[in-house]
Amino acid sequence: MTSPRKHLVKDFNHFITCYVCKGYLIKPTTVTECLHTFCKSCIVQHFEDSNDCPKCGIQVHETNPLEMLRLDNTLEEIIFKLVPGLREKEQQQEIEFWRSRKSKENGEEDGPRSKRSRLDAENDDGGDGDYHRSDPQIAICLDCLRNNSLVEENIVRGLMKKFIRCSTRVTVGTIKKFLSLKLKLPSSYELDVLCNGEIMGKDHTMEFIYMTRWRLRGETDYPMVLEYRPRIDFG
């Protein structure tokens, strides 16, 4: 009786490697529109510049391709079992990343610029000294509505970098001010901020929108998508 043929890890590489970075899939994330799977960081970064699948070229979504992503925890466990030491290696790299980031933040806090900032904050009676840095944070994708005449006519351009992280206590009004500054909008322009196609009130906090409007609130690996629509204020 012949013994069963042993398979090598490389025999499965086609199924467990990322098309973008060519490495093993880390936090494998599937595009629901075409079912192609990539590393989470690879596909999220790709969608900063394109709405198409990097493998087959199909348009994933007209405006918010991040909505069409799903994390594949089962595949992740299979890969960790197939590739010895991969889980430990990734965990160690993540620990080192956050350690180096924390060291840089501590180093910046000791710099003259930070000392001046702290003095300014202490002298500002109405200010919040830590600018809500100790609050729970939320990742947000600020996406410009494409079917907008001001955008189509290149009167208003979208953000170069649309991913931000901020306090959950930040309001829509603050997001509007941030966008107006970044987009350099004249005072005659107004902004609508939408979530899932619904215009959000200026006093709504990011936490309120996340809990009551965002469809993917159970999937913490993906940023909450807010759309903005610049328009001329005739009022």
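Given the structure is predicted, the values throughout are model-derived calculations rather than measurements.

Rules and cut-offs
- Residues numbered from 1 in each chain as written.
- Predicted model: local features only at pLDDT ≥ 70, side-chain atom pairs only at ≥ 80, totals over all residues.
- Heavy atoms only, no water.
- Pairing = 2+ DSSP bridges.
- Helix = DSSP H or I, 4+ residues; strand = E, 2+ residues; numbered from the N terminus.
- Contact = heavy atoms within 4.5 Å.
- Axes fitted to C-alpha atoms, helices over the stretch in contact; angles between N-to-C directions.
- UniProt positions renumbered as here; feature names shortened; annotations may be inferred.
- Core = buried A, V, L, I, M, F, W, Y, C linked by side-chain atoms within 4.5 Å.
- Buried < 20%, exposed > 50% of the residue type's maximum accessible area, 1.4 Å probe, protein only.
- Expected span 1.5 Å × (residues − 1).
- Arc of directions from axis to C-beta.
- pLDDT = per-residue confidence, 0-100.
- Polar contact = N/O pair within 3.5 Å; in protein donor to acceptor, adjacent residues only side chain to side chain.

## Focus on the pairing of strand β8 (residues 224-232)
Moving on, step 1. The pairing of strand β4 (residues 137-144) with β8 spans five bridges and is parallel. Considered in β8, the bridge of Leu-142 is made with Leu-226.
Moving on, step 2. Of the strand pairs in this sheet, strand β6 (residues 189-195) and β8 are connected by six bridges, and their pairing is antiparallel. Across the sheet, the residue bridging to Glu-190 is Arg-231, located in β8.

## Focus on the sheet that holds β4
To summarise the sheet geometry, strands pair through backbone hydrogen bonds and adopt either a parallel or an antiparallel arrangement.
Moving on, step 1. The sheet built from five strands is open, its strands ordered β5-β4-β8-β6-β7 with mixed pairing. At either margin of the open sheet sits one strand with a lone partner, and together these are β5 (163-167) and β7 (198-199).
Moving on, step 2. Across five bridges, the pairing between β4 and β5 is antiparallel. Residue pairing in the sheet places Gln-137 in a bridge with Ser-167 of β5.
Moving on, step 3. Against the sheet, helix α7 (residues 172-183) makes contact with β4, β5, β6 and β8, and its axis sits at roughly 125 degrees relative to β6, the strand it touches most.

## Quick notes on the UniProt feature "domain: RING-type" (unreviewed entry) in the chain
Moving on, step 1. Under the local residue numbering, the UniProt record ascribes the feature "domain: RING-type" (unreviewed entry) to residues 18-56.
Moving on, step 2. Here residues 18-56 runs as 18% helix and 18% strand, with 13 Å between its end C-alpha atoms.

## A short note on the nonpolar core
Moving on, step 1. One finds Ile-140, Leu-142, Leu-179, Met-206, Met-224 and Leu-226 to be the most contacted residues of the largest nonpolar core, which totals 50 residues.
Moving on, step 2. Apart from the residues lying within four places of it in its own chain, the contact partners of Met-206 are Ile-138, Ile-140, Cys-166, Ser-167, Thr-168, Val-170, Thr-171, Val-172, Ile-175, Met-224 and Leu-226.

## A few points about unusual backbone geometry
Moving on, step 1. Despite not being glycine, Leu-35 shows a phi value in the positive range, around 70 degrees.
Moving on, step 2. For Leu-35, the position within the fold is in the loop between β1 (28-31) and β2 (37-39).
Moving on, step 3. Overall, Leu-35 belongs to the exposed group, its relative accessible area being 63%.
Moving on, step 4. In this model, Lys-184 sits at a positive phi of 55 degrees, which is unusual for a non-glycine residue.
Moving on, step 5. Counting through the fold element by element, Lys-184 comes out in the loop between α7 and β6.

## Details of the environment of Val-60
Moving on, step 1. Relative to the assigned elements, Val-60 resides in the loop between α2 (40-46) and β3 (69-71).
Moving on, step 2. Once residues within four sequence positions are removed from consideration, Val-60 is found in contact with Val-31, Glu-33, Phe-47, Asn-51, Asp-52, Cys-53, Pro-65 and Met-68.

## A short note on α7
Moving on, step 1. In a regular helix each residue adds 1.5 Å, so 12 residues correspond to 16 Å; α7 covers 16 Å between its end C-alpha atoms and thus fits that length.
Moving on, step 2. For α7, the complete set of buried residues consists of Val-172, Gly-173, Ile-175, Lys-176, Leu-179 and Leu-183. Down the axis, α7 shows its buried residues gathered within 155 degrees of arc, on one side only. For α7, the exposed residues lying more than 90 degrees away from the buried face are Lys-177, Leu-181 and Lys-182.
Moving on, step 3. At its buried positions, α7 is contacted by β4, β5, β6, α8 (206-212) and β8.

## What to know about the confidence of the model for the chain
Moving on, step 1. Looking at the chain as a whole, the pLDDT averages 78, with 75% of positions reaching at least 70.
Moving on, step 2. A low-confidence stretch, residues 109-130 stays under pLDDT 50, and its non-local contacts, those more than four residues away or across chains, total five contacts.

## What to know about helix α3 (residues 73-82)
Moving on, step 1. For α3, the complete set of buried residues consists of Leu-75, Glu-76, Ile-79 and Phe-80. Each buried residue of α3 sits inside an arc of 140 degrees when the element is viewed along its axis, so together they form one side. Exposed residues pointing more than 90 degrees away from the buried face of α3 are listed as Thr-74 and Lys-81.
Moving on, step 2. You can read the cap of α3 off the contacts: a side-chain oxygen lies 3.3 Å from the backbone nitrogen of Thr-74, and it is on Asp-72.

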